[in-house]
Structure formats: structure tokens, C-alpha cells
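A look at the structure
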Amino acid sequence: PVSIRVLQFSSQAAAAASAAPGSHSPVLADAVAELLVGACQGTRRPGSRILLLDATFGAGGHTRRLLRAASEASTPITVYANDRDPAAYRLAGQLSESLPPGSDSATVVPLLGKFSQLAEHAELTGVEGIDGALFDLGLCSTQLDEARRGFALSADGPLDMRMGGPAEADSPTAADLVNGLEAGDLAALFRAYGEEPMARRLARAVVERRSGPRGPLRTTKQLADCLADAVGSARRKDSLGRSAHPATRVFQALRIAVNNEFIELLSGLQLARQLLKPGAPCLVLSFHSLEDRLVKRVFANRSLDDLCCPAAWADAFKRQRSPQSLHAEPPPPPPQLWQLVRFDSNRGEDYLMAGPAEVAENPRARSARLRVGLKL
Ligand SMILES: C[S@@+](CC[C@H](N)C(=O)[O-])C[C@H]1O[C@@H](n2cnc3c(N)ncnc32)[C@H](O)[C@@H]1O
């Protein structure tokens with residue numbers, strides 16, 4: 001097994017330095033820079049340009065940190081900066097324009113689209129192998145903070161939750177799902193993507209609410225109130241033992257379904273693998289156990305067959321299965337596509353987590369797990 005030694009980081013300072021004012025703090029930014037820029041130094045020809053894919057540009061915190069690391073190492077760098085959110089794409093455009101032109105300098109190439117569309121970008125056609133890729137999953141604080149995007153429990157807004165906003169006009173919104181799915185499908189969705197223990201009770205409450213005199217659910221507050229009433233006085237804790245709003249898990253489930261997050265992640269990893277040079281690292285930062293399980297399975301070359309998913313999404317998952325899994329005979333071992341990296345600095349574990357100083361500065365870092373797969 002590959003084992004990578006990563007030093008102890010002062011990620012708190014790095015996060016502060018990389019965040020644009022009033023925006024999103026990048027998680028484990030020093031580790032990301034060390035793995036994507038630092039680790040390349042020994043293996044590339046001196047002076048050659050590092051090519052990286054930031055599949056989730058967001059507010060650009062990680063990309064900025066990567067540019068800084070390359071500048072400190074006097075290495076030219078190109079970051080392909082992708083996001084499905086047009087607001088993030090505009091920010092990547094602004095960053096690109098702010099960089100001084102010149103062949104020795106840093107370049108940012110903004111790309112607008114979903115992970116599953118990575119192969120469609122003309123800018124990536126003919127790129128001769130990239131040196132590393134980053135997927136920082138979930139939402140940006142900037143998306144969460146904007147009530148009209150419909151992600152936040154704490155601010156009332158339309159039940160939208162499309163990461164690409166109105167640009168993704170053919171994706172269902174959260175309102176489409178809560179007002180359109182049968183109670184059974186809603187319960188399956190809440191259970192599979194939210195690990196919600198009261199899935200059936202909450203699904204029934206949603207159906208009763210939308211069929212009543214007040215009509216369909218339109219806003220985040222209406223949904224949150226409906227779910228809170230259904231849970232009643234039962235107290236809720238999150239996985240870290242902190243008290244949580246009764247709607248937290250349902251909101252997570254809806255967001256995953258609206259954005260087709262797991263299928264997107266699977267196809268993103270597949271397409272990133274095609275772009276990476278042999279031996280190059282793909283980094284994934286995940287923020288809940290469902291996401292992390294999927295990433296670990298992919299990087300450990302394990303089957304995805306028994307992953308639980310609601311009927312409406314099952315077909316899409318099935319398409320990801322290898323044809324061998326349909327044979328009755330024991331299938332041949334899966335192809336070895338990735339090598340899951342172990343970290344000396346985390347007692348040989350196969351992931352990194354943020355330290356207490358970074359968590360104190362940026363609570364979002366608390367649940368983050370960084371996994372690295374090397375392309376075989
Ligand atoms: C946590 S934020 C990234 C933050 C960024 N690393 C930074 O430091 O500012 C995740 C971003 O990924 C984008 N995203 C999530 N899923 C995506 C997908 N399937 N395709 C493209 N972008 C996606 C979201 O729109 C969001 O802007």
C-alpha cells in the first residue's frame with residue numbers, strides 16, 4: 001500500500017489566507033496544497049507546468065491556495081477551475097483575469113458545468129494528463145447563506161436547492177420532489193439519502209400538509225415547520241452529539257437528490273481518472289458518511305452493488321455497475337483503477353481530518369474527511 005507522509009499543518013492560518021473576505025473558508029487547504037503541488041515537486045521535470053483540476057471551484061479558496069503554493073515553489077501552474085454554479089464560474093473568470101499574463105505564470109481556466117460534463121469542455125480536449133484533481137464536495141458557505149437558493153434551514157427561501165440555480169432548468173427542484181413524490185418514495189428518499197430514522201412519519205406529514213387547505217409546500221420554512229411539527233418534542237442530535245433541527249436530515253436528502261450528487265460524484269471520479277497521469281492523485285473532501293463511503297469504495301476498487309438507493313434513482317446506480325456483476329458465477333476481481341492512500345500522520349489511516357485549531361476557526365471543517373486515490 002502507498003503511504004504518504006504529510007506534515008502537521010497550520011491550516012487555520014492557511015484557511016484565513018485563502019478565503020476571500022466574507023466568503024467560504026477552504027477546508028484542509030495546506031494539506032491539499034501539499035498533496036497537489038508539494039508532492040509533485042520530486043516527480044516532475046524541473047520548471048515544467050503543473051496542470052490541476054479543481055472540480056469544485058466554489059469561492060476559489062483552494063485554487064488560490066494552490067496558486068500560492070506554486071508561486072512559492074517558483075513553478076508555473078494551470079488550474080482548470082470547474083463549477084456547476086454560474087456564480088462560482090464568474091468568480092473563476094474574475095480570478096483568471098486578475099492574474100498577470102506570461103508563460104511562467106499562473107493560469108486559471110474557468111469551466112462551467114457538472115462533473116458529468118467534464119469531458120465536454122473544449123478546454124480539456126487534448127490536455128496531456130493532469131497532475132492532480134480536487135473534489136471539495138457539498139455546498140459553499142456563499143450558496144448556503146443566500147436564502148433564495150433554498151438550501152438553508154435558518155433562512156426562509158423558495159424550496160429550490162439546485163446548485164446551478166435556474167441555469168439547471170431541467171433538474172427538479174426540492175419543491176418538485178416534496179410536492180410530487182408518493183409517500184413511499186419520499187420515505188425511501190429520506191431514509192437512503194438522509195439516514196432519517198423517522199422517514200415514514202416525516203413523509204406522511206409532508207403528504208398530509210401538501211394535500212391540506214394550505215396546498216403545496218413552497219418555502220424552506222414551510223417544510224422545516226411541517227417536519228418539526230411531525231417530530232414533536234423528540235430531541236434531535238447530529239452525529240457529533242450537537243442538537244440539530246429535526247429537518248436537517250431531510251434537507252440533506254433533498255439536496256442530494258435534486259443535484260443527483262452520488263451519480264455526479266461517480267462520473268466525476270471516472271472522468272477525472274481519464275484526465276490524470278498514471279500515479280497522479282485525486283483528492284476528495286467529503287462532509288457526511290454516505291459521501292465518504294462512496295469515495296472510499298471507489299478508491300479501494302470495491303463494488304457499489306449493495307449501496308441502498310430509492311427506486312427512482314436505482315437505475316442510474318445500476319448503470320454504474322460493471323457488467324461482470326450480473327453473472328451468477330463469482331465475479332472476477334474488480335479492475336484495479338485506484339490506489340487508496342494511507343497517511344502516516346494519521347496513524348496509517350486512509351483519510352485526513354482537520355485539527356482542533358482549524359475546526360475552532362471553521363466549524364464546517366469538523367466533519368470533513370480528505371481521501372486520496374492515486375490513478376493506477
Ligand atoms: C464546498 S464548495 C467548494 C469550495 C471551494 N473549494 C473553495 O475553497 O472555495 C463545493 C462547490 O462544488 C460545486 N459542485 C458540487 N457538485 C458539483 C457537480 N456535480 N458539478 C460541478 N460542481 C459541483 C458547488 O456548486 C460548490 O460551489
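If you're wondering where the values come from, they're calculated on a predicted model, not measured in any experiment.

**Describing the sheet that holds strand S2 (residues 50–54)**
With respect to topology, 7 strands assemble into an open sheet ordered S4-S3-S2-S5-S6-S9-S7, the strand pairing being mixed. Each of the sheet's edge strands pairs with one partner strand only, and the pair in question is strand S4 (106–112) and strand S7 (338–340). The sheet shows a mean angle of 20 degrees between the axes of neighbouring strands, taken without regard to direction. Here strand S6 (residues 281–286) pairs with strand S9 (residues 369–375) via 6 bridges, running antiparallel. If you follow Pro281 over to S9, its bridge partner there is Leu374. Where helix H11 (residues 261–275) meets the sheet, its contacts fall on S2, strand S5 (132–136), S6, S7 and S9, and the angle it forms with S5 comes to roughly 165 degrees. Taken strand by strand, helix H12 (residues 289–299) contacts S6, S7 and S9, and its axis lies near 20 degrees from that of S9.

**Regarding the pattern of salt bridges**
Under the defined criterion, the tally for this structure stands at 14 salt bridges. The partner of Asp131 in a salt bridge is Lys277, with the nearest N and O atoms 2.6 Å apart. Residue Asp131 is located in the loop between S4 and S5, and its partner Lys277 is located in the loop between H11 and S6; the two are separated by 146 residues in the primary sequence. Judged by relative accessible area, which is 5%, Asp131 ranks as buried.

**Remarks on the pairing of strand S3 (residues 77–83)**
On a regular strand, each side chain points to the face opposite its neighbour's, so the side chains alternate between the two faces of the sheet. For S3, the buried fraction is high: 7 of the 7 residues fall into the buried class. Neither face of S3 is left uncovered, since the one carrying Ile77, Val79, Ala81 and Asp83 and the one carrying Thr78, Tyr80 and Asn82 both have all their residues buried. Regarding the hand of the β-α-β motif, the stretch spanning S2, helix H3 (residues 61–72) and S3 is right-handed. Bridge analysis of S3 against S4 gives 7 bridges, and the strand direction is parallel. What sits directly across from Thr78, in S4, is Thr107.

**So, the packing of aromatic side chains**
With the rule as written, the count across this model stands at 3 aromatic pairs. Ring geometry for Tyr193 versus Phe262: centroids 5.2 Å apart, planes at 80 degrees, classification edge-to-face. Within this pair, whereas Tyr193 is found in helix H7 (residues 183–194), its partner Phe262 is found in helix H11, the two being separated by 69 residues in sequence. Seen from their ring centres, Phe299 and Trp338 are 4.9 Å apart, and the 55 degrees between their planes marks the pair as tilted. Of this pair, Phe299 sits in helix H12 while Trp338 sits in strand S7, and the two are 39 residues apart along the sequence.

**Some remarks on the pairing of S6**
For S6, the buried fraction is high: 6 of the 6 residues fall into the buried class. Of the two faces of S6, both are covered, the one formed by Pro281, Leu283 and Leu285 as well as the one formed by Cys282, Val284 and Ser286. Of the strand pairs in this sheet, S5 and S6 are connected by 4 bridges, and their pairing is parallel. Looking across to S6, one finds that Phe135 is bridged to Val284.

The rules behind these values
Sequence order as written defines residue numbering, which begins from 1 separately in each chain. Local features in a predicted model are, by the rule used here, given only for residues with pLDDT of at least 70; side-chain atom pairs are given and counted only at 80 or more, and totals for whole chains, interfaces and linings are based on all residues. Excluding hydrogens and water, the side-chain figures rest on all heavy atoms present in the structure. Any two strands with at least two DSSP-identified bridges between them are counted as paired. Comment: elements are numbered from the N terminus, with helices defined as DSSP H or I runs of at least four residues and strands as E runs of at least two. Helix axes are fitted to C-alpha atoms over the stretch in contact, other axes to C-alpha atoms as well, and angles between N-to-C directions run from 0 to 180 degrees. In this analysis, two residues are considered to be in contact whenever any of their non-hydrogen atoms come within 4.5 Å of each other. Salt bridges, as used here, are contacts in which a Lys or Arg side-chain nitrogen is within 4 Å of a carboxyl oxygen on Asp or Glu. Exposed residues in this analysis have more than 50% of their type's maximum accessible area, buried residues have under 20%, and partly exposed residues fall in between, with area computed by a 1.4 Å probe over protein chains only. Whether a crossover is right-handed depends on one test, that the path from the first strand over the helix to the second runs clockwise when the strands point away from the viewer. Any pair of Phe, Tyr and Trp rings, taking the six-membered ring for Trp, is counted once the centres come within 6.5 Å. Such a pair is stacked with planes under 30 degrees apart, edge-to-face with planes over 60 apart, and tilted for the rest.

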